[in-house]
Amino acid sequence: MKRLVSLSLSLMLVLAIFVGASITASAADESVLTFELNADGASYSIVDCNENATGEFIVPSTYAGLPVTQIGDRAFGQTNISSLVIQDGITNIGQFAFTCCEQLVSVEIPDSVVSVGECAFTDCISLVEVKLPQNLTCLETRLFGSCKVLKTVNIPDSVTVIKGSVFECCESLENIELPEGLKEIGSSAFSYCISLEKIELPDGITQISDHVFKYCHSLSEIVIPEGVTELGWECFKESGIRSITLPSTLKVIGDWAFSGCKSLETIDIPEGVDSIGVCAFQWCEALTSITIPKSVNTIKDSAFVNCNSLINVYYAGSEAEWSSIEISPYYNDALSNATIHFTELPTLEYINDQWVYVIGDEIITDYTGLVYHNGAWYYVENGILNWNYTGL
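Let me sum up the structure you'll find in this document. Quick caveat, the model's predicted, so the values are computed rather than measured.

1. Notes on the pairing of strand β4 (residues 44-49)
Link 1 in the chain: Examined bridge by bridge, strand β3 (residues 33-37) and β4 share 5 bridges and lie antiparallel to one another. Across the sheet, the residue bridging to Glu 36 is Ser 45, located in β4.
Link 2 in the chain: In this structure, the hairpin formed by β3 and β4 is closed by a connection of 6 residues, where Gly 41 is found at a positive phi of approximately 70 degrees.
Link 3 in the chain: In this sheet, strand β7 (residues 66-71) lies alongside β4 in parallel orientation, the contact comprising 3 bridges. When the bridges of β7 are listed, Ser 45 appears paired with Gln 70.

2. Quick notes on the pattern of salt bridges
Two side chains with opposite charge may pair up if their charged atoms get near one another.
Link 1 in the chain: Taken as a whole, this structure holds 7 salt bridges when the rule is applied.
Link 2 in the chain: A salt bridge links Glu 140 to Lys 163, with the shortest nitrogen-to-oxygen separation between them at 3.2 Å. On the criterion of sequence distance, the pair formed by Glu 140 in the loop between β13 (138-139) and β14 (152-154) and Lys 163 in the loop between β15 (161-162) and β16 (184-185) is long-range, its members being 23 residues apart.
Link 3 in the chain: You can call Glu 140 partly exposed: its relative accessible area is 21%.

3. Thoughts on the side chain of Glu 234
Link 1 in the chain: Within the fold, Glu 234 resides in the loop between β19 (230-231) and β20 (243-245).
Link 2 in the chain: A distance of 2.9 Å separates polar atoms of two side chains, one belonging to Glu 234 and the other to His 211.
Link 3 in the chain: Other than its neighbours up to four places away in sequence, Glu 234 contacts His 211, Lys 214, Asp 255, Trp 256 and Ala 257.

4. Topic: the sheet that holds β15
Link 1 in the chain: Read across the open sheet, the 3 strands follow the order β13-β15-β16; overall the sheet is parallel. The outermost strands of the open sheet, each flanked by one partner alone, are β13 and β16.
Link 2 in the chain: In terms of strand pairing, β13 meets β15 through 2 bridges, oriented parallel. Paired with Leu 139 across the two strands is Ile 162, which belongs to β15.

5. Some remarks on a nonpolar patch on the surface
Link 1 in the chain: A surface patch of nonpolar side chains, amounting to about 170 Å² of accessible area, comprises Val 105, Val 128 and Val 149.
Link 2 in the chain: Among the structural elements, Val 128 can be located in the loop between β11 (115-116) and β12 (129-131).
Link 3 in the chain: Judged by relative accessible area, Val 128 falls into the partly exposed class, the value being 30%.

6. Notes on a negative patch on the surface
Link 1 in the chain: On the surface, Asp 157, Glu 177, Glu 180, Asp 203 and Glu 226 cluster together to form a negatively charged patch.
Link 2 in the chain: Here Glu 226 lies in the loop between β18 (221-223) and β19.
Link 3 in the chain: Residue classification places Glu 226 among the partly exposed positions, given a relative accessible area of 44%.

7. Examining the sheet that holds strand β17 (residues 207-208)
Link 1 in the chain: One open sheet accounts for 6 strands, arranged β17-β19-β21-β23-β25-β27; its pairing is parallel. Either end of the sheet is taken by a strand with one partner, and the two such strands are β17 and β27 (326-327).
Link 2 in the chain: Of the pairings in the sheet, the one linking strand β21 (residues 252-253) to strand β23 (residues 275-276) comprises 2 bridges and is parallel in character. Its bridge partner lying in β23, Ile 253 is registered against Ile 276.

8. Side note on the layout of surface pockets
Link 1 in the chain: In this model, the second largest pocket occupies a volume close to 240 Å³.
Link 2 in the chain: Considering the residues around the second largest pocket, the lining is formed by 13 residues, among which Glu 177, Leu 178, Glu 180, Glu 200 and Leu 201 are closest to the centre.
Link 3 in the chain: Considering only residue class, the lining of the second largest pocket consists of 6 nonpolar, 1 polar and 6 charged.

9. Focus on the side chain of Asn 332
Link 1 in the chain: If you trace the backbone, Asn 332 turns up in the loop between β27 and α3 (333-337).
Link 2 in the chain: In this structure the side chain of Asn 332 is engaged in a polar contact, spanning 3.1 Å, whose partner is the backbone nitrogen of Ala 303.
Link 3 in the chain: Look past the residues within four positions of Asn 332 in its chain and what remains in contact with it is Ile 299, Lys 300, Asp 301, Ser 302, Ala 303, Phe 304 and Ile 327.

10. Focus: the packing of aromatic side chains
Link 1 in the chain: Enumeration over the complete set of coordinates arrives at 17 aromatic pairs.
Link 2 in the chain: Relative to Tyr 63, the ring of Tyr 44 lies with its centre 4.9 Å away and its plane at 85 degrees, an arrangement referred to as edge-to-face. Taken together, the residues span a long stretch of sequence, with Tyr 44 in strand β4 and Tyr 63 in strand β6 (residues 62-63) at a distance of 19 residues. Residues Tyr 44 and Tyr 63 agree in their burial class; the two are buried.
Link 3 in the chain: Arranged with centres 5.3 Å apart and planes meeting at 5 degrees, the rings of Phe 98 and Phe 121 form a pair that is stacked. Of this pair, Phe 98 sits in the loop between β9 (92-93) and β10 (106-108) while Phe 121 is found in the loop between β11 and β12, placing the two residues 23 residues apart along the sequence.
Link 4 in the chain: Here Phe 98 falls in the buried class, since its relative accessible area comes to 0%.
Link 5 in the chain: For the cation-ring pair, Arg 74 lies above Phe 96, with the distance from its terminal atom to the ring centre recorded as 4.2 Å.

11. Remarks on the pairing of β7
Link 1 in the chain: Bridge count for β6 against β7 is 2 bridges, and the pairing is antiparallel. Among the inter-strand pairings, Tyr 63 is bridged to a residue of β7, identified as Leu 66.
Link 2 in the chain: Taken together, β6 and the strand that follows it, β7, pair antiparallel across an intervening segment of 2 residues, in which Ala 64 is found at a positive phi of about 55 degrees.
Link 3 in the chain: Where β7 and β9 come together, 2 bridges link them in parallel fashion. Its bridge partner being in β9, Gln 70 is matched across the sheet by Asn 92.

What counts and how
- Residues numbered from 1 in each chain as written.
- Predicted model: local features only at pLDDT ≥ 70, side-chain atom pairs only at ≥ 80, totals over all residues.
- Heavy atoms only, no water.
- Pairing = 2+ DSSP bridges.
- Helix = DSSP H or I, 4+ residues; strand = E, 2+ residues; numbered from the N terminus.
- Salt bridge = Lys/Arg side-chain N within 4 Å of Asp/Glu carboxyl O.
- Buried < 20%, exposed > 50% of the residue type's maximum accessible area, 1.4 Å probe, protein only.
- Polar contact = N/O pair within 3.5 Å; in protein donor to acceptor, adjacent residues only side chain to side chain.
- Contact = heavy atoms within 4.5 Å.
- Patch = residues over 30% accessible without salt bridge, like charges linked within 9 Å, V, L, I, M, F, W, Y side chains within 5 Å.
- Areas by Shrake-Rupley, 256 points an atom, 1.4 Å probe, with all protein chains shown as cover.
- Lys, Arg positive; Asp, Glu negative; His and termini not counted.
- Charge placed at Lys NZ, Arg CZ, Asp CG, Glu CD.
- 1 Å grid on protein atoms, 1.4 Å probe; cavity = no way out; pocket = protein on both sides within 12 Å on 5 of 7 lines; lining within 4 Å.
- Points joined across faces, edges and corners; volume = space filled by probe spheres on them.
- Nonpolar A, V, L, I, M, F, W, Y, C, P; charged D, E, K, R; others polar.
- Phe/Tyr/Trp six-rings, centres within 6.5 Å; stacked < 30°, edge-to-face > 60°.
- Lys NZ or Arg CZ within 6 Å of the ring centre and 35° of its normal.

Set out below in structure tokens:
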């Protein structure tokens, strides 16, 4: 059975409790802390901090001659500490450990920490800067949710997962650098980051999750890396996206993916996408042109509702193939009012021991123009392929 150990409070602390005075805690002040002996009998956890603690705070690494290894769930929640230094030796920080510490401005976490629980710093509304440990592999759910003035976070190279809503409503976050080894970004991870201007997604990402950049009003351009197969529900809803590059691996454009992106002017949907979701481009008021591949077979309800500036639709196929697409009759008038440009571009094929360009049943050996091959476009001049040119 765990043995609860509390220090006898000093006279100052007793008086502070009775009169409601604040207690300035610094230099690893143990008098405001409650410790609990861990199950191993060889280390302690900090399980509580006096609610009147204020000012700079140094979390001790030892107590009663034994190491302190953990900060428990809600241990410092709603205290008035202004800066936090966690000494080396702590390995785990619990859920909600510092939630609603409204005076907390800066946090320094040592590399000995290997896990930080969900919502650990949620609603720390004065938090400006955080130094995360180098051995952390996962940023847990809502870790910094609603830290409205947070500007600087170093995400260590060891992190492979950013869970849902980690930076949701971090309204002052302008730029963030993601590690190359990152594999997953959870839903709403950056939603309502209204000041976020730039973010580069690493190659290991395979899905853009639901709501992930929703209401990122300052995010004007982004490149989705090769390997991503799906754009989730409302992933860029009402963001400031003006320019976006989509990968050849993309298969699904989710419902409301670009809804309300009022600065988006043009978009090229890559070959391989077979469906354009419900309200995917609704209220894209500046959208003037869109390229739709032959692979699309369904355009769902209201996909282009109120896209009143849409003039040109470039379809990489014939008129007959366009007619075979299942286009919902509900609020897709913008498509029927636009000019549809039917283009059957050639493909590169190896026939009779030579590379040739094929349009339908016709084989061309001296073609000049664009060809689509292995998920990318290439320029051909007089039948010679320029491997250094990709993209439309």
